[in-house]
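Below are the chains, spelled out letter by letter.
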Amino acid sequence: MTKSSISHSKFAIVGAGLMGRLLAITLAKRGAQVDLFDKGGPDASHAAARIAAAMLAPLAESAITEDAVVRMGIYSLPRWKSLIKDLSTPVYFQQDGTLILWHRQDASEAERFAAHLEKNCLNNAALHAPQTLDNQALRNLEPGVADRFNQGLYLPNEGQLDNRQLLDALAVELANSSVNCHWHCETNPELVRSLGSYDQVIDCRGVGAQSTWNKTSTALRGVRGEVLRLYAPEVKLRRPTRLIHPRYPIYIAPKENDIYVVGATEIESDDLSEMSVRSAMELLSAVYTVHSGFAEARILEMATQCRPTLQDNLPAIQIQKDKGLSDLIMINGLYRHGFMIAPAILDCAIEILEQGDSKTALDLGLKISKKTIAAGAEVCV
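As a starting point, this report considers the structure included with it. (Residues numbered from 1 in each chain as written. Predicted model: local features only at pLDDT ≥ 70, side-chain atom pairs only at ≥ 80, totals over all residues. Heavy atoms only, no water.)

1. Looking at the environment of Thr372
- Along the chain, Thr372 falls in strand S18 (residues 367–374).
- Residue classification places Thr372 among the partly exposed residues on the basis of a relative accessible area of 33%.
- Each C-alpha atom of the pair Thr372 and Gly144 lies 57 Å from the other, and the pair is 228 residues apart in sequence. (Helix = DSSP H or I, 4+ residues; strand = E, 2+ residues; numbered from the N terminus. Buried < 20%, exposed > 50% of the residue type's maximum accessible area, 1.4 Å probe, protein only.)

2. Focus on the nonpolar core
- Core analysis: the biggest nonpolar cluster contains 60 residues, and Leu23, Leu27, Trp80, Ile202 and Phe339 have the highest contact counts within it.
- In terms of residue count, helix H11 (residues 338–355) provides more of this core than any other element does, 12 residues in total.
- Those residues in contact with Leu27, other than ones at most four positions away along the chain, are Ile6, Phe11, Ile13, Ala32, Val34, Ile202, Ile350 and Leu353.
- Formed by 27 residues, the second largest nonpolar core is a distinct cluster that contains Leu138, Val262, Met275 and Phe294. (Core = buried A, V, L, I, M, F, W, Y, C linked by side-chain atoms within 4.5 Å. Contact = heavy atoms within 4.5 Å.)

3. Focus: helix H2 (residues 18–29)
- Between its first and last C-alpha, H2 extends 17 Å over 12 residues, near the 16 Å set by a 1.5 Å rise per residue.
- The buried fraction of H2 is high, at 11 of 12 residues.
- Taken residue by residue, H2 has Leu18, Met19, Gly20, Arg21, Leu22, Leu23, Ala24, Ile25, Thr26, Leu27 and Ala28 as its buried positions.
- Trailing H2 by a residue or two, Gly31 shows a phi angle of about 95°, which is positive. (Expected span 1.5 Å × (residues − 1).)

4. Here's the deal with H11
- For H11, which comprises 18 residues, the first-to-last C-alpha distance of 24 Å matches the rise-based estimate of 26 Å (1.5 Å per residue) to within 8%.
- The largest bend in H11 amounts to roughly 25° and is located at Ala344.
- Among the residues trailing H11, Gly356 stands out with phi positive, at a value near 90°. (Bend = angle between axes of the 7 residues up to and from the residue.)

Structure representation (structure tokens):
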């Protein structure tokens with residue numbers, strides 16, 4: 001399929017979270033006919049993307065993830081700027097770096113963390129080296145925390161966006177485009193493929209695609225995360241801040257209008273019940289140690305969600321071709337890095353739809369597997 005053939009093709013996308021919306025809008029802008037199906041509504045209230053801090057921090061994440069994800073994050077930062085610029089609704093985007101803090105008793109943990117980042121920078125020239133801050137440098141950069149911390153690390157060039165503003169802006173874009181949105185319509189790609197009216201069916205359901213992925217050799221699971229949203233007008237953090245701690249390292253992402261998104265927990269469970277008392281107490285006590293102004297903050301929301309995660313914690317695209325059926329493209333496994341790497345996944349998926357393969361995916365290390373089923377035989381590539 002080529003660029004010109006995309007404009008003459010009909011696509012069905014199942015799942016209207018972050019990836020589903022980005023793909024639907026991109027394909028529609030290229031002249032394709034797109035039907036988008038989702039069990040929820042345009043507010044994305046059920047989507048993992050709604051419960052996120054949306055930090056774009058490849059260097060910070062390099063301490064706990066693979067180099068391929070880091071490369072996708074580096075690639076995606078400038079792409080986010082252009083994607084947001086093309087939207088008709090403003091979306092908060094910031095690229096003022098990440099601040100790393102630690103208490104005195106966690107200094108050895110911080111040394112290990114800093115050494116890991118420096119090593120990663122040596123292995124990847126596209127990463128900006130962390131800067132060590134003494135108290136005066138910390139006061140100049142983030143004065144609100146300088147009375148409680150004597151030192152820190154600054155990771156330049158990292159960013160964040162407002163995930164809920166983005167999802168809402170993408171919903172507006174969908175409403176103003178030629179995409180046929182089927183909200184509150186729960187379906188599955190196999191049923192859609194059986195209709196025979198689409199050239200390509202794209203599965204972007206996240207955790208909802210477990211039954212489909214578990215039929216393959218790569219199992220999909222949910223990893224629970226718990227997030228607080230706080231209104232804290234007495235706190236004036238300028239950039240995402242991470243607190244190093246051996247048991248509950250937290251992140252604090254300042255959004256517009258004195259809203260702060262706070263999270264840390266990562267639990268191997270697909271439980272979507274309310275936040276536990278333990279998690280709430282640990283998050284709240286930890287955030288108070290960063291800035292005393294959080295004592296008078298108002299808790300706007302305690303939210304939980306499950307991040308779609310494959311066995312190796314890495315994203316993947318699977319392409320399935322069956323005789324007599326539409327091709328099936330399955331995109332999943334973005335785990336905790338959804339916003340950080342989504343533009344890279346988007347561009348790779350578009351290349352696959354245009355050319356049948358993706359050089360960008362090869363360069364970034366994104367896994368693409370192909371399976372052809374014909375006359376009862378299954379061939380994997």
